[in-house]
Each structure stands twice: as C-alpha cells, then as structure tokens.
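Close look at the chain arrangement
What follows is each chain in one-letter form.
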Amino acid sequence: MNSPTPSGPPDGPLHTQVHDDATRPAHPARSRRGVLTHAGAAFAGITIGVLIGVTAGSGSDKAAPTATATMTVTSAQTPIATPGADEVSAPATPSPKPFAFGDTWKLNNVDPAKPFEGNLTVLGYEQGFTSVGKASEEAGAPGYVWAYTELRLCGVKGSYTDNTTSWTLYYSDGSRISPSSSTYSDFPKPEFPFEVTVTAGKCARGKLVFPVPGDKRPESVLYKPEGLDEPREWSVPKA
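This structure is a prediction, so every number in the text was calculated from the model and none was measured.

1. Remarks on the overall build of the protein chain
- The helix and strand inventory of the protein chain stands at 2 helices and 9 strands.
- When the helices and strands of the protein chain are listed from N to C terminus, the series reads α-β-β-α-β-β-β-β-β-β-β.
- Relative to its 239 residues, the protein chain shows a buried fraction of 26%.
- Split by element, the accessible area of the protein chain, about 17200 Å² in all, is 55% carbon and sulfur.

Encoded structure:
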C-alpha cells in the first residue's frame, strides 16, 4: 500500500487663544478731540453691549462673572493604550481532551455543498507483530518493529472521503510517525483502506500499520484531516 505523504495623527491638540478686551493694552490718549469715525462708533457700541451683557442681573457686591469659551475637538487619532493598563482578552478555547480506545467522535462536515454526519473510533493498538517485510528496512534505522491501530469510520448522513494520511502516531518526545508506505500479504487483516468513501449507514473498519521504534510506545493516535483545526486524539494505554 503506497501512501501519499498528505491597517498622521494630527499635529497635536488644537488650542484656541481667547483675548478678552479687558486684557488688551490701553490705547494712548489722543492729543486732541476728534469726531468718532464710523469704525470708532461701531467699536464703542460693541464695548457698551459687552459691558451691559456682563453686568446685567449682578449685585453691586458681586464680581462680574468671567465668560468662558468651550471648544470640543474631535480627533481621528488612534487611541494609544496606557502602558501597564489592564487588558481584557477573550479566554482561549481549551483543546479537546483525548479519547480512550472505544470512544466515538462525532464527525460533522458543515460545508453546505457536501454536508456529512458520521462517527470515528479508534478501537485498539498492537505493537510487535512479525512480517516477511522488515520495519527497520522501511524506517531506514535499526530497532524498528511493526505496529497497527484498528480504526472504524461510519456514515450517518451524506458522504465523506478520507485516506490514511490523516493518521499519525504521537510520542511524548514530540516525534510523530506516519503509516507504512508498504503493504505485505501477511499484514493483519482486514487492512484499513488507503482511501475510502463512506455514506449513510456504511462503515470502513480495519487495521492501519506503522513502522515504530521497538523500545518506545506512542502516547496517542492522532487524526488530523485537511480542514480540521486541531487533531483529535485517542490515548494509547501503557503496555
């Protein structure tokens, strides 16, 4: 069996300088009387109006209130977080817990073009069987033996196509082993098909062979087909 190895901040806050007439330096007295020009008359009228507006309704023992100009400035500048400020983030979604052998994971493909419902189970793991082919020769290293995991994939609704490249064995040191790229006549039967399509009411069940180091045992069996964010795993019991 041959297995394909599967987006300028403004210049700054705007400041508006408001000069009150009372704070302006007094003009020097004219050396002779003159007739008010039209501009001078207008200035006098404005000054009287301001004085009337400020003193109207005020008691003689109270100071005249000070007028205040308020300006609201809207800036398109992006707010900058204050260093050390608390940040609230959404809690991370926990990873799925490993299954035990015999536990079933419900498979759902929500693609409207090809919806599917089904279930997947890892039934067991065995290590150390013999064959006419040598596991060490396939692995290219001494000390390897053959092992297999038994799988079952069933359809409930729609159809689903999968292949053996979705499966790996995971070890505690982080190493992973893919299924054998070979098949021999004396491999345990029935063999799990390299590629299979299941439909409603139909299943595929069989044994998937791996060349593994004889002095170590995998921690789990991982299933990670294309489109699945996180693999699902089944824990391998200690020998």
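2. Digging into unusual backbone geometry
- The step from Lys-189 to Pro-190 runs through a cis peptide bond, and the omega angle for that step is -5°.
- Summarising the element assignment, Pro-190 is placed in the loop between strand 5 (176-177) and strand 6 (195-199).

3. Re the side chain of Asp-162
- For Asp-162, the location among the structural elements is in strand 3 (residues 144-163).
- Lys-224 provides the closest opposite charge to the buried, salt-bridge-free Asp-162, at an N-O distance of 11 Å.
- Reaching out from Asp-162, the side chain makes a polar contact with the side chain of Ser-166 at a distance of 2.8 Å.
- Look past the residues within four positions of Asp-162 in its chain and what remains in contact with it is Leu-153, Trp-167, Phe-194, Glu-195, Val-196, Tyr-223 and Pro-225.

4. Details of the pairing of strand 7 (residues 203-213)
- Counting buried positions over the 11 residues of strand 7 gives 9, a clear majority of the element.
- The pairing of strand 3 with strand 7 spans 11 bridges and is antiparallel. In the sheet register, Arg-152 faces strand 7, and the bridge partner there is Arg-205.

5. Side note on the nonpolar core
- With 27 residues, the main nonpolar core has Trp-105, Leu-153, Trp-167, Val-212, Tyr-223 and Trp-234 as its most contacted residues.
- At the level of elements, strand 1 (104-109), strand 2 (116-129), strand 3, strand 4 (167-170), strand 6, strand 7 and strand 8 (220-223) are the ones that each hand at least two residues to this core.
- Among the nonpolar cores identified, the runner-up in size contains 6 residues, and Phe-129, Ala-135, Tyr-148 and Val-209 belong to it.

6. Regarding the sheet that holds strand 8
- What the 4 strands build is an open sheet, ordered 5-4-8-9; its pairing is antiparallel. Each edge of the sheet is formed by a strand with only one pairing partner; in this case those strands are strand 5 and strand 9 (232-235).
- Judged from the 2 bridges that link them, strand 4 and strand 5 form a sheet pairing that is antiparallel. Within the sheet, the bridge partner assigned to Tyr-170 lies in strand 5 and is Arg-176.

7. Things to note about the packing of aromatic side chains
- The full count for this structure, using the stated rule, is 10 aromatic pairs.
- Ring plane angle 40° and centroid distance 6.2 Å describe the contact between Trp-167 and Trp-234, whose orientation is recorded as tilted. A residue pair is termed long-range when its members are at least 10 positions apart, and Trp-167 in strand 4 and Trp-234 in strand 9 qualify at 67 residues.
- Judged by relative accessible area, Trp-167 falls into the buried class, the value being 1%.
- Exposure remark for Trp-234: the relative accessible area of 0% places this residue in the buried category.

8. Some points on the pattern of salt bridges
- A complete count under the given rule lists 3 salt bridges for this structure.
- With a closest N to O distance of 2.9 Å, Asp-173 and Lys-216 form a salt bridge. Here Asp-173 is found in the loop between strand 4 and strand 5, whereas its partner Lys-216 is found in the loop between strand 7 and strand 8, with 43 residues between them in sequence.
- Judged by relative accessible area, which is 32%, Lys-216 ranks as partly exposed.
- Across the pair Glu-191 and Lys-189 runs a salt bridge, and its minimum N-O distance is 3.5 Å.
- For Lys-189, a relative accessible area of 46% puts it in the partly exposed group.

9. Regarding the confidence of the model for the protein chain
- Across the protein chain, the average pLDDT comes to 74, with 61% of residues at 70 or higher.
- Long-range and interchain partners of residues 1-83, a stretch whose pLDDT sits below 50, account for 29 contacts in this model, where long-range means more than four residues apart.

Basis of the calculations
- Residues numbered from 1 in each chain as written.
- Predicted model: local features only at pLDDT ≥ 70, side-chain atom pairs only at ≥ 80, totals over all residues.
- Heavy atoms only, no water.
- Helix = DSSP H or I, 4+ residues; strand = E, 2+ residues; numbered from the N terminus.
- Buried < 20%, exposed > 50% of the residue type's maximum accessible area, 1.4 Å probe, protein only.
- Areas by Shrake-Rupley, 256 points an atom, 1.4 Å probe, with all protein chains shown as cover.
- Lys, Arg positive; Asp, Glu negative; His and termini not counted.
- Salt bridge = Lys/Arg side-chain N within 4 Å of Asp/Glu carboxyl O.
- Polar contact = N/O pair within 3.5 Å; in protein donor to acceptor, adjacent residues only side chain to side chain.
- Contact = heavy atoms within 4.5 Å.
- Pairing = 2+ DSSP bridges.
- Core = buried A, V, L, I, M, F, W, Y, C linked by side-chain atoms within 4.5 Å.
- Phe/Tyr/Trp six-rings, centres within 6.5 Å; stacked < 30°, edge-to-face > 60°.
- pLDDT = per-residue confidence, 0-100.

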